[in-house]
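Reading the structure
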Amino acid sequence: MARTRTTPIRVLIVEDHRTFGEALELAFAREADLEVVEVVTDPSRMADAAARHRPDVVLLDLDLPGMDGARATRRIRAEHPGARVIVLSGEDDPLALARAFQAGASGCILRSHGVLDLAEAVRRASRGEPIHDEVVVEESLRHLRRRRSRDDELERRVERLTPRELQVLQEVAAGRGNDEIARALGMSRNTVRTHLQNILTKLGVHSKLEALLVAIRYGKVRPPGRPGRTELVG
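In this text, all values refer to a predicted model and were calculated from it rather than measured experimentally.

Quick notes on the rules
Every residue gets a number counted from 1 within its own chain, in the order that chain's sequence is written. Local features in a predicted model are, by the rule used here, given only for residues with pLDDT of at least 70; side-chain atom pairs are given and counted only at 80 or more, and totals for whole chains, interfaces and linings are based on all residues. The side-chain values count all of the structure's non-hydrogen atoms but skip hydrogen atoms and water molecules. In this description a helix means any DSSP run of H or I spanning at least four residues, a strand means any run of E spanning at least two, and both kinds are numbered starting from the N terminus. Throughout this description, buried means an accessible area under 20% of the type-specific maximum (1.4 Å probe, protein chains only), exposed means over 50%, and partly exposed covers the range between. In what follows, a contact means two residues having at least one pair of non-hydrogen atoms within 4.5 Å. Picture the helix axis, draw a direction to every C-beta atom, and the arc is the one those directions span. Polar contact is defined as a pair of N or O atoms within 3.5 Å, subject to the rule that within protein one atom must be able to donate a hydrogen and the other to accept it, and that residues adjacent in sequence are counted only when both atoms are side-chain atoms. In this description, strands pair whenever DSSP reports at least two bridges between them. Interaxial angle, 0 to 180 degrees, is taken between N-to-C directions of lines fitted to C-alpha atoms, where a helix line uses only the stretch in contact. Any angle that falls under 35 degrees is termed roughly parallel, while one over 145 is termed roughly antiparallel, one within 65 to 115 roughly perpendicular, and all others oblique. Ten residues, namely Ala, Val, Leu, Ile, Met, Phe, Trp, Tyr, Cys and Pro, are considered nonpolar, four, namely Asp, Glu, Lys and Arg, are considered charged, and the remaining ones, Gly among them, are considered polar. The salt bridge definition used is simple: a Lys or Arg side-chain nitrogen within 4 Å of an Asp or Glu carboxyl oxygen.

1. Quick look at the environment of Ala121
Note on placement: Ala121 falls in helix H5 (residues 115-126). With relative accessibility at 4%, the residue Ala121 sits in the buried group. Apart from residues lying up to four places away in sequence, Ala121 is in contact with Ile86, Ile109 and Ile131.

2. Some details on helix H1 (residues 18-28)
What H1 keeps buried is the set Gly21, Leu24, Ala27 and Phe28. Mapping the buried residues of H1 onto a view down its axis gives an arc of 125°, with all of them on the same face. Counted as exposed and oriented over 90 degrees from the buried face of H1: Thr19 and Leu26. In this structure, the buried side of H1 is in contact with strand E1 (9-14), strand E2 (34-40), strand E3 (57-61), strand E6 (84-89) and H5.

3. Some remarks on helix H3 (residues 69-79)
By the burial criterion, the buried members of H3 are Gly69, Ala70, Ala72, Thr73 and Ile76. When H3 is viewed along its axis, its buried side chains cluster within an angular range of 165° and face the same direction. You can read the cap of H3 off the contacts: a side-chain oxygen lies 3.2 Å from the backbone nitrogen of Ala70, and it is on Asp68.

4. Focus: the pairing of E6
Among the six residues of E6, five are classified as buried, and the element is accordingly described as predominantly covered. As paired elements, E3 and E6 share five bridges and run parallel to each other. In the sheet register, Val58 faces E6, and the bridge partner there is Val85. Relative to strand E7 (residues 107-110), E6 is paired through four bridges, and the arrangement is parallel. Directly across from Ser89, in E7, lies its bridge partner Leu110.

5. Focus: the sheet that holds E3
Strand pairing within a sheet occurs via backbone hydrogen bonds; the two strands may be parallel or antiparallel. Pairing within the open sheet is parallel, and its five strands lie in the order E2-E1-E3-E6-E7. At either margin of the open sheet sits one strand with a lone partner, and together these are E2 and E7. Taking the axes of each pair of neighbouring strands and ignoring which way they run, one obtains an average angle of 25° across the sheet. As paired strands, E1 and E2 are joined by six bridges and run parallel to one another. Paired with Ile9 across the strands is Leu34, a residue of E2. Sheet strands in contact with H1 are E1, E2, E3 and E6, and its direction is about 165° off that of E2.

6. As for the packing of helix H7 (residues 163-173) against helix H10 (residues 208-217)
Orientation of H7 relative to H10, taken along the N-to-C sense of each, is 105°, at an axis distance of 10 Å. It follows that H7 is roughly perpendicular to H10 by the angle criterion. Each of Leu169, Val172 and Ala173 in H7 lies in contact with H10, whose residues at this interface are Lys208, Ala211, Leu212 and Ala215. Tallied by class, residues from the contact of H7 with H10 come to six nonpolar, no polar and one charged.

7. Digging into the pattern of salt bridges
One pass over the structure, following the stated rule, counts 17 salt bridges. For Arg111, the salt bridge identified is with Asp61, shortest N-O distance 3.5 Å. Of this pair, Arg111 sits in the loop between E7 and H5 while Asp61 is found in strand E3, placing the two residues 50 residues apart along the sequence. A relative accessible area of 5% means that Asp61 is categorised as buried. Residue Glu159 pairs with Lys220 through a salt bridge whose shortest N-O separation is 3.4 Å. With Glu159 in helix H6 (residues 134-159) and Lys220 in the segment after H10, this residue pair connects regions lying 61 residues apart in the sequence. Here Lys220 falls in the buried class, since its relative accessible area comes to 17%. Here the salt bridges share partners, and the residues they tie into one network are Glu31, Asp33, Glu120, Arg123, Arg124, Arg127 and Glu129.

In structure tokens form, the structure reads like this:
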């Protein structure tokens, strides 16, 4: 038999739209088993409020100004690991939702749901039950899996670049044109062009800039503007 809770579920609402947050607070006040401890509209006060109130459940806006849902979830749980975080999502942003789940969110619910649905989600989260709009969560995880697969393939492609090709890319990072690269590396202009074409083909990109960004991302080329000699990284 389920154990009856004798104290209200303490809810912290983190929502930068004050009107929406206060409307939720008023609606939850009609529910005898729910107590809104605070409505936080400034993300910089969020972690402090979680530490101070020790809420059972946090209703968290996915799209806070200057802070995404994953980072906000991690900060809340760092201050109060016992809190269950429900992400309030107003848009179809599967990657942002997937990252919030990875950061420790218990689930998500669309902002378009009615107050009774939101209240029931809070109750379920307080009991340790997962909260999700099934379609939204499945699409989020599918999107994340596709993203990871693309990242893994891109990393494999970067590893196929030869040391000489990476040297050419490093010269590109330094802002040098093909003639300057040829002089710096002691090769002909046609050889530079051949190396660049091979790089684009191996990485599956369409421009030198795309190739350069990929090589920098995976630590194979030093970003432009960093002090030191032009040299191969990795």
